[in-house]
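Each chain, written out:
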Amino acid sequence: MAFAHKHILGINELSREDIITILDTAESFKEINTREIKKVPTLRGKTIINLFFESSTRTRTSFEIAGKRLSADTVNISASASSVTKGETLEDTARNIEAMHPDIIVMRHSASGAPHYLAQRLNCSVVNAGDGAHEHPSQALLDLFTIRQHKGRIEDLKVAIIGDITHSRVVRSNLYALNKMGAEVRLSGPGTMIPPGIEKMGATVYADMNEAIDGADVVMMLRIQMERQGKSLIPSLREYARFYGLNTVNLKLARPDALVMHPGPINRGVELSSYVADGPQNVILSQVENGVAVRMALLYLISGVEHSEA
Ligand code: CP
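In this report, the structure presented in the accompanying data block is examined. Computed from a predicted model, the values in this text were never measured in an experiment.

Some details on helix α10 (residues 284-303)
Here α10 is 20 residues long and its end C-alpha atoms lie 29 Å apart, about the 28 Å a rise of 1.5 Å per residue gives. Along its length, α10 shows its largest kink, about 25 degrees, at glycine 291. Among the 20 residues that make up α10, 17 are buried, leaving the element largely enclosed by the rest of the structure. Just beyond α10, the residue with positive phi is glycine 304, at close to 65 degrees.

Here it is, written out as structure tokens:
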């Protein structure tokens, strides 16, 4: 296994081989999460700091669990409870944290490029847990892992991603990841939520959601990122749900065995009806479960330690 990366800043920086290494490593870690004693000593003595400047349920918790299951010491810092509220800059905050000798800082920030900025200035490893509307690499990797788990492959699958494309870091990371793995990516959403030129990233854009999901193997639904929009880009949520919501009727256009995915948090009744969110084709909690194994793999691979005891 060769993995030459000190940081995980985006999928754009990873090769297809890197992605396969991460998915295969996650596969080897997955079983640990179902043991009675869910702990291996792989990262004993390492310190991981989760530095979150934006709210999170899944990403922060699963990075913390991933670190703990590998026996690392994990510390969580939320910006709202830190000295950032007293005016300390990002760089000063990070330098002060680094003075305590962490091995890895996992960071979420509303500014695109914030983890790259820190990676250039700090000696420890930096993992991007979501930066603005730029990338969310660990989310795309757990999405790939879940698709491969349920479909046996990623290559040649038709993946429809529906919703707020402009403001979604999940889309950008998935566009890089799915293209590197040979999938066909289709995008659909309101015209106000489709950035001009997104096709150049390797996707076909459909104004009509039904055309995007027709014959799809995977339908990935997105939340409207209200917190990143200066003004409302849709007339009403009811209208949005009518044209860009997934329900039991339009889901029939996809393949009968199509997976329904969502990075969470879900807005029930907006992008997904409750019947579909809880229905037989949904793999949403499988995505969350796999997130722990994928994040264990990332923390392990960038640490460059031997994995013989797992
Ligand atoms: N998918 C995701 O990033 O969820 P959280 O915002 O809860 O971490």
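Details of the sheet that holds strand β8 (residues 218-221)
Here 5 strands make up an open sheet; going across it, the order is β7-β6-β5-β8-β9 and the pairing parallel. Only two strands of the sheet have a single neighbouring strand rather than two, namely β7 (204-206) and β9 (259-261). Ignoring which end each strand starts from, the neighbouring axes of this sheet average 20 degrees apart. Pairing of strand β5 (residues 158-162) with β8, which is carried by 4 bridges, proceeds in the parallel orientation. Paired with valine 159 across the strands is valine 218, a residue of β8.

A few points about the site of the ligand
Ser56, Thr57, Arg58, Thr59, Arg108, His136, Gln139, Pro263 and Gly264 make up every residue found near the ligand. Interatomic distance of 2.9 Å between a side-chain N/O atom of arginine 108 and an oxygen atom of the ligand. Glycine 264 is positioned such that a nitrogen or oxygen atom in its backbone is 3.4 Å from a nitrogen atom of the ligand. Calculation on the ligand without its partners gives an accessible area of 250 Å², and the protein chains cover 90% of this total.

Cut-offs applied
Think of each chain on its own: its residues are numbered from 1, step by step along the sequence as written. The predicted origin of the model limits local features to residues at a pLDDT of at least 70 and limits the giving and counting of side-chain atom pairs to 80 or more, whereas totals for whole chains, interfaces and linings rest on all residues. Think of the side-chain values as coming from all heavy atoms in the structure, minus any hydrogens and water. Strands are runs of DSSP state E lasting at least 2 residues, helices are runs of H or I lasting at least 4, and numbering of each runs from the N terminus. The length a helix should cover is 1.5 Å for every residue beyond the first. Axes are fitted to the seven residues ending at a residue and to the seven starting at it; the angle between these axes is taken as the bend at that residue. Accessibility here uses a 1.4 Å probe with only protein chains present; expressed as a share of the type maximum, an area under 20% marks a residue as buried, one over 50% as exposed, and anything in between as partly exposed. Note on pairing: DSSP must find at least two bridges between two strands before they are called paired. Interaxial angle, 0 to 180 degrees, is taken between N-to-C directions of lines fitted to C-alpha atoms, where a helix line uses only the stretch in contact. Residues are counted as near a molecule or strand when any one of their heavy atoms sits within 4 Å of it. Between N or O atoms, a polar contact is any pair within 3.5 Å; within protein, one atom must be a potential hydrogen donor and the other a potential acceptor, and residues adjacent in sequence are included only when both atoms are from side chains. To measure how exposed things are, a 1.4 Å probe is used in the Shrake-Rupley method; for residues, cover is taken only from the protein chains shown.

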